[in-house]
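Survey of secondary and tertiary structure
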Amino acid sequence: MTDRLRIALQKKGRLADDSFELLKKCGLRFAIRGGGLLARVKNMPIDLLLVRDDDIPSFVANDAADIGIVGENVLVEEQLTAKTPLDANIAMRLGFSRCKLCLAAPEQGAVKSSKDLNNTRIATTYPGVTAQYLDEQGLTAKLVDMKGAVELAPSIGIAESICDLVSSGATLEANKLAAFETILESEAVLIRSGRKLSPAKADILDKLMNRIDGVLKSKETKYIMLNAPKTQVDAITELLPGSDAPTIIPLAGSDDLVALQAVCTENIFWETLEDLKGLGARAILVLPIEKMMA
Ligand code: PRT
Ligand code: ZN
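This section reports on the structure supplied with the text. (Residues numbered from 1 in each chain as written. Chains lettered and ligands numbered in written order. Predicted model: local features only at pLDDT ≥ 70, side-chain atom pairs only at ≥ 80, totals over all residues. Heavy atoms only, no water.)

Describing the packing of helix α1 (residues 16-25) against helix α6 (residues 199-220)
- Two numbers describe how α1 lies on α6: the axes approach to 9 Å, and their chain directions differ by 105°. As judged from the angle between their axes, α1 and α6 are roughly perpendicular. Between α1 and α6, the contacting residues are Leu22, Leu23 and Lys25 on the first element and Leu208, Ile212, Val215 and Leu216 on the second.
- Broken down by class, the residue content of the contact of α1 with α6 amounts to six nonpolar, no polar and one charged. (Axes fitted to C-alpha atoms, helices over the stretch in contact; angles between N-to-C directions. Helix = DSSP H or I, 4+ residues; strand = E, 2+ residues; numbered from the N terminus. Parallel < 35°, antiparallel > 145°, perpendicular 65-115°, else oblique. Contact = heavy atoms within 4.5 Å. Nonpolar A, V, L, I, M, F, W, Y, C, P; charged D, E, K, R; others polar.)

With respect to the site of ligand 1
- The environment of ligand 1 is made up of 21 residues, and the closest members are Arg14, Asn73, Ser168, Gly169 and Thr171.
- Glycine 169 places a main-chain nitrogen or oxygen 2.8 Å from an oxygen atom of ligand 1.
- Threonine 171 has a polar side-chain atom sitting 2.5 Å from an oxygen atom of ligand 1.
- For ligand 1, the accessible surface in isolation is 840 Å², of which the surrounding protein chains cover 78%. (Near = heavy atom within 4 Å. Polar contact = N/O pair within 3.5 Å; in protein donor to acceptor, adjacent residues only side chain to side chain. Areas by Shrake-Rupley, 256 points an atom, 1.4 Å probe, with all protein chains shown as cover.)

Notes on helix α8 (residues 270-278)
- Within α8 the residues assigned to the buried category are Thr272, Leu273 and Leu276. Buried residues of α8 fall within an arc of 100° about the axis and therefore sit on the same side. Those residues of α8 that are exposed and angled more than 90 degrees off the buried face are Trp270, Glu271, Glu274, Lys277 and Gly278.
- Buried-residue contacts for α8 involve β12 (222-229), α7 (233-239) and β15 (282-288).
- Phi turns positive one or two residues past the end of α8, at glycine 280, with a value near 105°. (Buried < 20%, exposed > 50% of the residue type's maximum accessible area, 1.4 Å probe, protein only. Arc of directions from axis to C-beta.)

A closer look at the side chain of aspartate 53
- Counting through the fold element by element, aspartate 53 comes out in the loop between β3 (46-51) and α2 (56-61).
- The contact partners of aspartate 53, leaving out residues within four places of it in the chain, are Gln10, Leu15, Val70 and Val74.

Digging into the coordination of the zinc ion (ligand 2)
- For the zinc ion (ligand 2), every protein donor is listed as Asp53 (OD) and Asp54 (OD), and the spread of their distances is 2.0 to 2.1 Å.
- What the four donor atoms of the zinc ion (ligand 2) show is an angle range of 74 to 174° at the metal, which sorts the shape as irregular.
- Aspartate 54 sits in the partly exposed class, given a relative accessible area of 33%. (Donors = N, O, S within 2.8 Å, 3.2 Å for Na, K, Ca; no water. Tetrahedral: all angles 85-135°; square planar, octahedral: opposite > 155°, others 65-115°.)

A look at a positive patch on the surface
- Taken together, the side chains of Lys24, Arg29, Arg33 and Lys42 present a region of like positive charge at the surface.
- Relative to the helices and strands, lysine 42 resides in the loop between β2 (38-40) and β3. (Patch = residues over 30% accessible without salt bridge, like charges linked within 9 Å, V, L, I, M, F, W, Y side chains within 5 Å. Salt bridge = Lys/Arg side-chain N within 4 Å of Asp/Glu carboxyl O. Lys, Arg positive; Asp, Glu negative; His and termini not counted. Charge placed at Lys NZ, Arg CZ, Asp CG, Glu CD.)

Focus on the pairing of strand β4 (residues 67-71)
- Of all the five residues making up β4, five are buried; the element is thus mostly covered by neighbouring parts of the structure.
- Here β4 shows no split at all, with Ile67, Ile69 and Gly71 on one side and Gly68 and Val70 on the other all buried.
- The sheet contact formed by strand β1 (residues 5-10) and β4 spans two bridges and is parallel. Counted as the bridge partner of alanine 8 is glycine 68 from β4.
- Examined bridge by bridge, β4 and strand β11 (residues 188-192) share five bridges and lie antiparallel to one another. Its bridge partner lying in β11, isoleucine 69 is registered against leucine 190. (Pairing = 2+ DSSP bridges.)

Here we look at the sheet that holds strand β6 (residues 99-106)
- The sheet built from five strands is open, its strands ordered β8-β7-β9-β6-β10 with mixed pairing. Because the sheet does not close on itself, it has two edges, and the strands there are β8 (142-145) and β10 (177-186). Pairwise comparison of adjacent strand axes, ignoring direction, gives a mean angle of 30° for this sheet.
- Sheet topology places β6 next to strand β9 (residues 161-166); five bridges connect them, and they run antiparallel.

What to know about the sheet that holds β3
- Spatial strand order, β2-β3-β1-β4-β11-β5: six strands in an open sheet with mixed pairing. Of all strands in the sheet, those bounded by a partner on one side alone are β2 and β5 (89-93). Strand after strand, the sheet turns through a mean of 30° between neighbouring axes, direction not considered.
- Most of the contacts of α1 go to β1, to which it runs at about 145°, and overall it touches β1, β3 and β4.

The analysis is restricted to geometry; functional conclusions fall outside its scope.
What follows is the structure in structure tokens.
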């Protein structure tokens, strides 16, 4: 038995680049080349198993990989359609590849909302999630299973509506379809099975998850520096999103101004900067944070 942690990742596609980038930000050094199924991480005992996204949940469940990164949509669909219960669950949400699984129908057609679905046909590559939704809503519709190009189904006359992933909405618009219901919101997730890992692998996973946590937190977190009138320090501190007690530093040659610095764990919007300025803050700098560890 090897003590290298094996991570199943999408080889090519919408999840692949962001998954590789996340692992690189966690300090893993590796190169993805050509048709190889396995890539070795040079500086940590980790191997990457490069596969199609649909296989990732079952590979994790069946011990071909210890953990995986996959769209929640694929995980849920595999859980709902697996012949035996699938031992793969979400260990961490990763915040990228966000999309929605939506019901949509022709803008000018008869289906305007879910209640119009009875006795119609819905084309989808997500029969499990769609059937569960229909069941929960007490609706009856026939599912037309497709492998892709679902958005064409109404125009070729094989279904009255579709259930498909939407991100920008451009595909629906180009095919004159309108979404009328979201049945699942999805993002990339880290999955693992309930199996116990060897102590060595458990240690690597623990370290990796801490690093991922740090990378995700540092994305939103910013360091803010500004000069402020002493009298406004409390009001300014109140405005800083998700910050602990700021550092206050006297400014050479000034009795009424101080420098204020703080870590903000939430996004700082332009509106916040305008409000800070309104309170007398000047020379406001917002800096990205590269790494964080509590
Ligand atoms: O080859 P492999 O099987 O590994 O990949 P795949 O072709 O099955 O999947 P891929 O790479 O297309 O998508 C991987 C994952 O990315 C999905 O399972 C989702 O979790 C996530 N994701 C995020 C999306 C989208 N956004 C998305 N927009 N997956 C697909 N789409 C498609 C959608 O099906 C529709 O055809 O893009 C079109 C709609 O996009 P918009 O922007 O026009 O709305
Ligand atoms: Zn796929």
